[in-house]
Amino acid sequence: MTSSFTHLHVHSNYSLCRGGNTIDSLCRRAAEFGMKSLALTDTNGLYGLKWFINTAKSYKLDPIIGVYLQTEKYDCIMLAKNIKGYHYLSGAVTRLHSSESDFEQYLSSYHDVIIITNNSYLLNYFTENNLNRDIFVELVSFQNSRSLIKYAKENNFPVVATNSVYFLNPEDWETHQLLRAIDLNTSQSSLPEDQIVSKEAYLKSCNQMWDLFSHVSEAVENTQKIADQCRFNLDFKNFIFTSIRGEKGETAFELLEERVKYGIIWRYGNMTGAIKKRYDYEMEIIRQKNFAPYFLVVQDIVEQAPRTCGRGSAAASLVSYCLGITHVDPIKYDLFFDRFLNPGRTDPPDIDVDFPWDERDQILDYIFTKYGIECTAMISNHNSFKARSAVREIAKVYGIPENEISSVTKKLGFFWQPDNIWEITQSHPVYKNTFLDQPWPEIIALAEKIRGFPRHLSIHCGGVIIAPDGIERYVPTQPAKKILRSLQKDSLVDIPQVLYGENKINVIQWEKDQAEEMGLIKLDILGNRSLAVIRDALQSISDNYNVKIDYAQWNPLNDAKTLSMLAQGDTIGVFYVESPAMRLLQKKTGQGDFEHLVIHSSIIRPAANEYINEYIRRLKGGAYDPLHPLLHNILAETYGIMVYQEDVSKVVMALADFSAAEADDLRKVISKKHKAKKILDYKNKFFHGCKVKHIPDDTIQKIWNMIMSFSGYSFCKPHSASYALVSFKSAFLRAHYPTEFLASVISNQGGYYSTFAYISEARRMGISVLMPDINKSAFYYTGYQNEIRVGFMQLKGISSKTIYAVLNERKKNGVFTSFANFLSRVTIPVVDFTILIKAGCFDELEPEKSRPELIWQVHIHHARKKTVQKQASLFEVDAEPMSLPKPQNYEDKIIWQHEIDTLGFLLSRHPLDLYREKLKNVSYVSGQDLHKYINKKVKTIGWLITRKTTSTKKSQLMEFISFEDTTAIYETVFFPKTYKRFVYLLTRSRPYLLSGIVHEQHGAITLHVERVDLV
């Protein structure tokens, strides 16, 4: 008896909330069992296909491409025999997700696939339609199969043995059960039996499977026969993208040549020698790679919007610049084209384009309409269980009360991804006085098991795929839940959301890395709130002062006021330069020019602190020697420090003779944890190449350490330059039109800080922030001269229908003349009336009437309307209610609470004003005066604004926290000892008395906190 066997029905954790183990663990076990091939048949999807192919091959297994198709009525396994079979299989999955009836019709024309099933409905369907080619009856080891064997013989169907694998080991059944309970949002005790599989559904060895099917050996032998038929390499040969021809039959490349030459005249005036050299180099690579259609499509899309930011490595391209896709001159700023495209690059190009966030759906609608829904889809995100969500969902399954779950999980929000959840709960200071008895240790252990498992699909932030002959030939798609909408700010009403189509878009089942590895070329259509901020501020400036600024032609890079403001780090609200780290860097360097801003936008990255400090020292005139003479020119503009992604490529090419393709690949893999082995290979190559050039070992190690500092996120220079241009335009508006600018920042809900923080900043700038007003507020915040008026958008709990009604009525028939006039003209629910009154919207209209009186009038008005309706009276009722005793006004404390309830924060005053009585005997220094107390111990009062947790070289936790008082936002540092002692006290809902030492570094002030007391 042979021990040869192939598992043909296997589920990984890409059978979402079903499979109990990873692709890697399943492949490893199959290899350990001596198997030569393995099928992956995840439920209703090819979600992990490319990872499966790569992993199987790494274990020297032949990957068999398949899927388990399941509906309420039937289920079957489908395995692809060849590329045609794959196309069919992908189409079957797509139809299953869109229409069960379409799927059944599609199933009747199956070809180049093997179908395995024991579903009676499908077997009868195949029998009645005389379909028996490549169809096998599935015999599952732990199910009674006598009747199936009999049926197969009577109807001439071959049989095949499986174990319907859902997990690796018997003990992993618990994980499967847990995932099913999470998916169904139920407790373990309430989980229906038909929603879980047998505990025997684990990956058995060849000998085990032979023993189980000794009575029907042909079922085991057929696994090998099927495996032999399903061996093929899934290779689409070429990059997948739509094709283009001109109206006169011109090729895409001919069209591109024409448009780029036109763009050179537009951008530069004439074709110089340097431009011609760059043009020839780029166009030749584009021609070789056949990427001309890609550039033409992106240009067409960009032309649909007047304000865009083409960014990423594509901004290094002269072609992109001359097509209007990007806006930074790649020749003037010496941008490295090979970071974007080079002759050895094997993956597709990637052009990222930002649009104003509320115009993005219009752009997507244009793309889907023009290229067709069959040929267009968005890339998906595979949303996985993170530490916090894993703990939360498992605790729900265990029936833990919500308040207890939140008390544990909300503290996990302090971390990006803790290495060990249990260790964090036992040692981190935020869990001080938190005691986790059973079942919490068990819950957390299970959370570690499912952490990283994919849970469901969402839509990638911008990735769009366009295929010439239908997306489903290459990858299954499924309907997205997203609805394309567009905010029309200039229509009759300020807030309508125009519906462009429900479920109009599909997503592919792969996330972006798999899509790119399989050759799908994506467009990145991204939403950027700061572009909308700039747009709205420019419109307000035009409306308020009749000053017209053309976004495309506007270049504020030499504006003195803007340069000065940037150099001082006075940049709250300014795109990409407003975070505490960026503002401190601007202050420390004292540089506000474009070139340095480009450097700063990229050098701010994880693991780069020591290089930032050295950069500042050198910038200030500190002497230094280049890491190696060969790097002197390469890193001259960044003072000998690697700042940009392409610096990695340039350095390894210069020192270790990497090819451009190898250098670019290293640049990509250093940020991906699952590429650790490849990084090690590149490290060895780099060290060897450097030694050939007799570079000392300690120098090689220093350079490699700097390379590895890019292992977190990092930017290429063209990306930083593109962002810096948007930053400059944003900074110009803050410098010259701060009121319109900050109103637009808040209206677009964009930026690093909360609305409360921006309002505080506005007041510190001398801008008055006015309460919402029934006659003067728009939907959005509005700014004029030295005042910002709160918009109706800020009101909490009010219906959009009410705001529509108010704005429409006011626009049609003019302002409201009194509260009674408002009552007579607008019909809205009593609860919305109450919100408007409590928010102060009628304070200016009816200054003599208290808010309680207005609320009382509303109730009387509605009561009288009901009475009239009941009596069906023919007489009109006066709008003015009957004479009533005047209710007393609320106490100040109640009014302040109403502000918090209706607006989300205290608006009429800074919340610190409420603590004046408690603080009158406390001696403290204001935030704006900290610079007067360098190296001295002080006390400050602070309201927490934003925070960032990090760790020291010894892996001790510490935190950078921004606080504010009424005079300034100031930065503090909580070193490990202070952090451990006081972090559990800190929230955003109260002020603190902070004690510590004031430090100054290169002109930037920070308070090193030693003690925290409650006010």
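Residues numbered from 1 in each chain as written. Predicted model: local features only at pLDDT ≥ 70, side-chain atom pairs only at ≥ 80, totals over all residues. Heavy atoms only, no water.

Student: Can you walk me through the sheet that holds strand β1 (residues 37–40) in this structure?
Tutor: In a beta sheet, neighbouring strands pair by backbone hydrogen bonds and run either parallel or antiparallel. Ordered by their spatial adjacency, six strands build an open sheet running β1-β2-β3-β4-β5-β6, and the pairing between neighbours is mixed. This sheet does not close on itself; its edge strands, each paired only once, are β1 and β6 (159–162). Shown here is a sheet whose adjacent strand axes are inclined to one another by a mean of 30 degrees, direction ignored. Pairing geometry for strand β5 (residues 135–140) and β6, over four bridges, is parallel. The residue of β6 that forms the bridge with E138 is V160. Of the strands in this sheet, β2 (62–70), β3 (75–80) and β4 (113–117) touch helix α3 (residues 83–98), which is tilted by about 25 degrees from β2. Across the sheet, helix α6 (residues 146–154) touches β5 and β6, and the angle it forms with β5 is around 165 degrees. (Pairing = 2+ DSSP bridges. Helix = DSSP H or I, 4+ residues; strand = E, 2+ residues; numbered from the N terminus. Axes fitted to C-alpha atoms, helices over the stretch in contact; angles between N-to-C directions. Contact = heavy atoms within 4.5 Å.)

Student: In this structure, what is going on with the environment of I612? I would like to understand it.
Tutor: Structurally, I612 is set in helix α24 (residues 609–619). Under the relative-accessibility criterion, I612 is labelled buried at 9%. Along the backbone, I612 and G263 are 349 residues apart, and their C-alpha atoms lie at a distance of 38 Å. What I612 contacts, discounting residues up to four positions off in sequence, is L585, I603 and I604. (Buried < 20%, exposed > 50% of the residue type's maximum accessible area, 1.4 Å probe, protein only.)

Student: What is the right way to read the nonpolar core from this model?
Tutor: Soluble globular proteins tend to bury their nonpolar side chains together. Counting 131 residues, the largest nonpolar core has F686, L733, I774, F822, L836 and F842 as its most contacted members. Among the elements that line this core, the one with the most residues is helix α29 (residues 717–736), at 10 residues. Beyond its immediate sequence surroundings of up to four residues, F686 is in contact with V652, L655, A656, F658, I700, I703, W704 and I707. (Core = buried A, V, L, I, M, F, W, Y, C linked by side-chain atoms within 4.5 Å.)

Student: Is there a simple way to explain the packing of aromatic side chains in this structure?
Tutor: Aromatic rings considered in pairs are described by the distance between their centres and by the relative angle of their planes. Inspection of every chain in the model, using the stated rule, returns 42 aromatic pairs. The interplanar angle of 85 degrees and the centroid separation of 6.4 Å between the aromatic rings of Y294 and F295 together place this pair among those described as edge-to-face. Of the residues examined, Y294 reaches a relative accessible area of 1% and is grouped as buried. Residue classification places F295 among the buried residues on the basis of a relative accessible area of 0%. For the pair F686 and F687, a centre-to-centre distance of 6.1 Å together with 80 degrees between the ring planes defines the contact as edge-to-face. Residue class for F686 comes out buried when judged on its relative accessible area of 0%. Looking at F687, the relative accessible area reads 15%, which means it is buried. Just above the ring of Y106 sits the side chain of R95; from NZ or CZ to the centre is 4.2 Å. (Phe/Tyr/Trp six-rings, centres within 6.5 Å; stacked < 30°, edge-to-face > 60°. Lys NZ or Arg CZ within 6 Å of the ring centre and 35° of its normal.)

Student: Is there a simple way to think about the packing of α3 against helix α4 (residues 100–107) in this case?
Tutor: Working note: a packed helix pair is described by the angle between its axes plus the distance between those axes. Where α3 contacts α4, the two axes come as close as 7 Å, and the packing angle between them is 155 degrees. Overall, the two elements α3 and α4 adopt an arrangement that is roughly antiparallel. In this structure, α3 contributes H87, Y88, G91, A92, R95 and L96 to the contact, and α4 contributes E100, D102, F103, Y106 and L107. A per-class count over the contact of α3 with α4 returns six nonpolar, two polar and three charged. (Parallel < 35°, antiparallel > 145°, perpendicular 65-115°, else oblique. Nonpolar A, V, L, I, M, F, W, Y, C, P; charged D, E, K, R; others polar.)

Student: I tried to follow helix α32 (residues 800–813) on my own but got confused; where do I start?
Tutor: Along an α-helix, a turn takes 3.6 residues, which lines up residues three or four apart on a common side. Given a rise of 1.5 Å per residue, 14 residues ought to cover 20 Å, and the 20 Å separating the end C-alpha atoms of α32 matches this to within 8%. The set of residues buried in α32 consists of T802, I803, V806, L807, N808, E809 and R810. Among the structural elements, α33 (819–825) and α34 (830–838) are those in contact with the buried residues of α32. Backbone geometry just downstream of α32 places G814 in the positive-phi region, at approximately 90 degrees. (Expected span 1.5 Å × (residues − 1).)

Student: Explain helix α27 (residues 676–692) to me, please; I cannot follow it from the model alone.
Tutor: Compared with an ideal rise of 1.5 Å per residue, which puts 17 residues at 24 Å, α27 spans 25 Å between its outermost C-alpha atoms and is within 8% of the ideal. Turning to α27, its buried residues number three or more, namely I679, Y682, F686, F687, G689 and C690. End-on view of α27: buried residues confined to an arc of 165 degrees, all on one side of the axis. In α27, the exposed residues that point more than 90 degrees away from the buried face are K677, H688 and V692. Residues of α27 that are buried make contact with α25 (645–656), α26 (660–669) and α28 (697–708). Among the residues trailing α27, H694 stands out with phi positive, at a value near 60 degrees. (Arc of directions from axis to C-beta.)

Student: Looking at this model, I keep getting lost on the state of the cysteines. Mind explaining?
Tutor: Working definition: the covalent bond between the sulfur atoms of two cysteines is a disulfide. Under the definition given, this model contains zero disulfides. C230 provides the cysteine sulfur closest to C76, a residue in no disulfide bond, and the two sulfurs are 14 Å apart. Since its relative accessible area comes to 1%, C76 is described here as buried. (Disulfide = S-S within 2.5 Å.)

Student: Looking at this model, I keep getting lost on the packing of α25 against α26. Mind explaining?
Tutor: Orientation of α25 relative to α26, taken along the N-to-C sense of each, is 135 degrees, at an axis distance of 8 Å. Taken together, α25 and α26 sit at an angle that is classed as oblique. Between α25 and α26 lies a crossing of right-handed hand. Of α26, the residues touching α25 (which contributes Q645, V648, S649, V652 and M653) are A660, A663, D664, L666 and R667. Class assignment for the residues of the contact of α25 with α26 results in six nonpolar, two polar and two charged. (Left-handed = near helix turned anticlockwise from the far one by under 90°.)

Student: How should I be thinking about the pairing of strand β20 (residues 957–964) in this particular structure?
Tutor: Successive side chains on a regular strand alternate, one facing one side of the sheet and the next facing the other. Within β20, six of the eight residues are buried, which leaves the element mostly enclosed by the surrounding structure. Two elements, strand β19 (residues 937–951) and β20, share eight bridges in a ladder whose sense is antiparallel. Directly across from T950, in β20, lies its bridge partner M958. Turn length for the β19-β20 hairpin, with the two strands adjacent in sequence and antiparallel, is five residues, and the turn residue S955 shows positive phi of about 65 degrees. Across six bridges, β20 lies against strand β21 (residues 969–974) in antiparallel orientation. Considered in β21, the bridge of F960 is made with V973. Once β20 ends, the chain turns through four residues before running back antiparallel as β21.

Student: Just to check I follow, could you spell out the pattern of salt bridges for this structure?
Tutor: Per the stated rule, a full pass over the model turns up 50 salt bridges. Ionic pairing is found between R535 and E359, a salt bridge with its closest N-O pair at 2.8 Å. You can see R535 sitting in helix α20 (residues 529–545) and its partner E359 sitting in the loop between β8 (352–356) and α14 (360–371), a full 176 residues away along the chain. Classification of R535 as buried rests on a relative accessible area of 13%. Of the charged contacts in the structure, one is a salt bridge between D536 and R535, with a shortest N-O distance of 2.8 Å. Beyond isolated ion pairs, a larger network of salt bridges with shared partners links R307, D358, E359, R535 and D536. (Salt bridge = Lys/Arg side-chain N within 4 Å of Asp/Glu carboxyl O.)

Student: I'm lost on the side chain of E846 in this one. Help?
Tutor: Relative to the helices and strands, E846 resides in the loop between α34 and α35 (851–871). No salt bridge forms around the buried E846; measuring N to O, its nearest opposite-charge neighbour K849 is 4.1 Å away. Here the side chain of E846 touches F819 through a polar contact of 2.8 Å, landing on its backbone nitrogen. For E846, the residues in contact, after removing those within four places along its chain, are S818, F819, A820 and L854. (Lys, Arg positive; Asp, Glu negative; His and termini not counted. Polar contact = N/O pair within 3.5 Å; in protein donor to acceptor, adjacent residues only side chain to side chain.)

Student: Please explain the confidence of the model for the protein chain as it appears in this structure.
Tutor: Low-confidence regions, as indicated by low pLDDT, have predicted coordinates that should not be scrutinised in detail. Model confidence for the protein chain is summarised by a mean pLDDT of 90, while 94% of its residues fall at 70 or above. Per-element confidence in the protein chain is highest for β1, whose mean pLDDT is 98, and lowest for strand β13 (residues 497–501), whose mean pLDDT is 40. Predicted confidence is poor over residues 487–503, with pLDDT under 50, and the contacts of this stretch with residues over four places away or in other chains come to 56 contacts. Long-range and interchain partners of residues 872–882, a stretch whose pLDDT sits below 50, account for 15 contacts in this model, where long-range means more than four residues apart. (pLDDT = per-residue confidence, 0-100.)

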